[in-house]
Amino acid sequence: MGLIDRTISMTLPVVPKPVVRYFSRPYIAGTTMADALNVVRELGEQGATSTLDVLGEFVSRDEEASANTEAYIKLFKRIESESVREAHASVKLTALGLLIDADRCLENMRQLMHQAEASGNFVRIDMEDSSCTDKTLAIYRRLREEFGHHRVGAVFQSRLHRTLADVDEHAVQGANFRLCKGIYLEPESIAYTDDRRIRKNFVEALDRMFGSGVFVGIATHDDWLVEESIRLIGKHGLMRDRYEFQMLLGVREPLRRQLIADGHRLRVYVPFGANWYAYSVRRLRENPQIAGHVFRALVGRG
Ligand SMILES: Cc1cc2nc3c(=O)[nH]c(=O)nc-3n(C[C@H](O)[C@H](O)[C@H](O)COP(=O)(O)OP(=O)(O)OC[C@H]3O[C@@H](n4cnc5c(N)ncnc54)[C@H](O)[C@@H]3O)c2cc1C
């Protein structure tokens with residue numbers, strides 16, 4: 001990313017919300033469940049599966065956590081009643097009150113998981129910033145004991161120093177993980193900041209996951225990592241039901257189409273809802289060209 005783009009991406013928090021909304025449209029399925037399910041159906045026609053995220057995170061009131069729990073319960077019922085195929089859910093625990101009260105959050109997750117179980121669905125627990133890692137993995141472990149690997153999965157971030165140790169601790173036959181670089185900028189004391197090191201850790205973590213019999217959602221748009229992942233799939237002799245690639249809605253669609261054409265399974269992360277702002281800023285930050293567009297729009301040349 002060039003200097004100007006980097007500067008613009010740093011100033012995104014002061015960009016007016018309507019401008020952020022405008023440029024983040026490709027990343028968000030819409031504000032309603034109906035919008036999101038339409039996108040899921042379109043993706044299905046293109047040969048991709050989905051994981052749905054009800055936008056919202058870091059809530060500070062119990063009522064918000066309960067409302068988000070309820071939203072997921074409704075989502076599972078709707079997926080089932082409309083017979084939408086292979087639409088999983090991705091949940092951020094801070095949307096269910098993790099930082100208010102971890103025990104309450106676990107209770108909210110249990111309610112949500114009971115509906116996921118009744119509807120035959122699967123829940124991926126997204127990984128948030130490092131203030132949440134231990135608490136998130138503790139809740140994941142409890143839910144995995146109570147509901148099983150086939151209902152709940154965790155996410156590991158190759159940016160963090162601790163990740164290989166976490167993978168070794170949690171990787172058991174049949175577990176279901178997503179592996180990503182990690183979007184949250186963390187201090188150098190706990191995270192790699194050099195992209196080459198983050199990539200190397202990604203490859204090492206993936207190798208260990210495959211070696212332990214874990215199903216892996218390989219979440220990246222990075223060509224080099226995609227190639228390395230395909231090499232590891234070959235090395236471990238994996239059938240296509242042992243892994244899938246995962247990509248974000250609105251990002252690198254040609255790569256998505258190519259992976260599907262090459263016979264890999266591919267799942268798209270589909271966020272929707274009224275609380276689109278924090279997610280949108282994170283996506284715009286990762287897209288240098290869009291940061292440039294935002295700047296041009298702001299100074300009236302876009
Ligand atoms: C399905 C999925 C789930 C995720 N879940 C989590 C999670 O739970 N926790 C977490 O911390 N992180 C999560 N992430 C984000 C992830 O950690 C990275 O921040 C993000 O995927 C970018 O890393 P990358 O591997 O794609 O590599 P990058 O080097 O960032 O991207 C590779 C290329 O993709 C393109 N690209 C990437 N992002 C954009 C964008 N926003 N707009 C346009 N082009 C773009 C660019 O061409 C870039 O050069 C998830 C990512 C995916 C795909």
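Here, every reference points to the structure presented above.
This is a predicted model, so every value here is computed, not measured. Residue positions are given per chain, counting from 1 as you read along its sequence in written order. Since the coordinates come from a predicted model, pLDDT governs what is reported: local features require at least 70, and pairs of side-chain atoms require 80 or more to be given and counted, while whole-chain, interface and lining totals use all residues. As a convention, hydrogens and water are excluded, and side-chain values are obtained from all of the structure's heavy atoms.

Novice: Teacher, can you tell me more about the pairing of strand β4 (residues 152-157) here?
Specialist: Across a regular strand the side chains alternate sides, sitting on one face of the sheet and then on the other. We call a residue buried when its accessible area falls under 20% of the maximum for its residue type, exposed when it is over 50%, and partly exposed in between, using a 1.4 Å probe and counting protein chains only. Helix and strand definitions here come from DSSP, where helices need a minimum of 4 consecutive H or I residues and strands a minimum of 2 consecutive E residues; each element is numbered from the N-terminal end. Burial analysis of β4 places six of its six residues in the buried class, which makes it a mostly covered element. Every second residue of β4 is oriented toward a common face, with V152, A154 and F156 on one face and G153, V155 and Q157 on the other, all of them buried. Bridge count for strand β3 (residues 123-125) against β4 is two bridges, and the pairing is parallel. Directly across from R124, in β4, lies its bridge partner G153. A crossover counts as right-handed when, viewed with the strands pointing away from the observer, the path leading from the first strand over the helix to the second turns clockwise. Read as a crossover between parallel neighbours, the route from β4 over helix α7 (residues 163-170) to strand β5 (residues 176-180) is right-handed. When DSSP finds two or more bridges between a pair of strands, those strands are recorded as paired.

Novice: Teacher, can you tell me more about empty space enclosed by the protein here?
Specialist: A probe as big as a water molecule, rolled over the atoms, marks out the empty space that is left. Detection works on a 1 Å grid of protein atoms alone, calling trapped sets that fit a 1.4 Å probe cavities and calling open sets with protein on both sides within 12 Å along at least five of seven lines pockets, with lining residues defined by an atom within 4 Å of a point. Grid points are joined across faces, edges and corners, and a volume is the space filled by probe spheres set on the points. Under the counting rule described, the total for this entry stands at three cavities of 30 Å³ or more. Its volume calculated, the largest cavity comes out at about 40 Å³. Around the largest cavity, the lining residues are M127, T133, L137, V155, F156, Q157, L160, R162, T163 and D166. Mapped onto the lining of the largest cavity, the elements with two or more residues apiece are α6 (133-147), β4 and α7. The greatest single-element share of the lining of the largest cavity, amounting to three residues, is contributed by β4. Throughout this entry, Asp, Glu, Lys and Arg are counted as charged residues, while Ala, Val, Leu, Ile, Met, Phe, Trp, Tyr, Cys and Pro are counted as nonpolar. The remaining residues, Gly among them, count as polar. Here the lining of the largest cavity is composed, by residue class, of five nonpolar, three polar and two charged.

Novice: How do you make sense of the nonpolar core when you look at a structure like this?
Specialist: Burial of nonpolar side chains together is a common tendency in soluble globular proteins. Core analysis: the largest hydrophobic core is formed by 74 residues, its most contacted members being L52, M109, L143, F177, F210 and I218. Excluding its chain neighbours within four sequence positions, the residues that come into contact with I218 are L179, F202, L206, F210, S229, I233, Y243, E244, F245 and Q246. In terms of nonpolar packing, the next biggest core, distinct from the first, is built from 15 residues, V19, L55, Y269 and W276 among them. Buried residues of nine kinds, namely Ala, Val, Leu, Ile, Met, Phe, Trp, Tyr and Cys, make up a nonpolar core once their side-chain atoms join them within 4.5 Å. Throughout, a residue-residue contact means that at least one pair of heavy atoms, one from each residue, lies within 4.5 Å.

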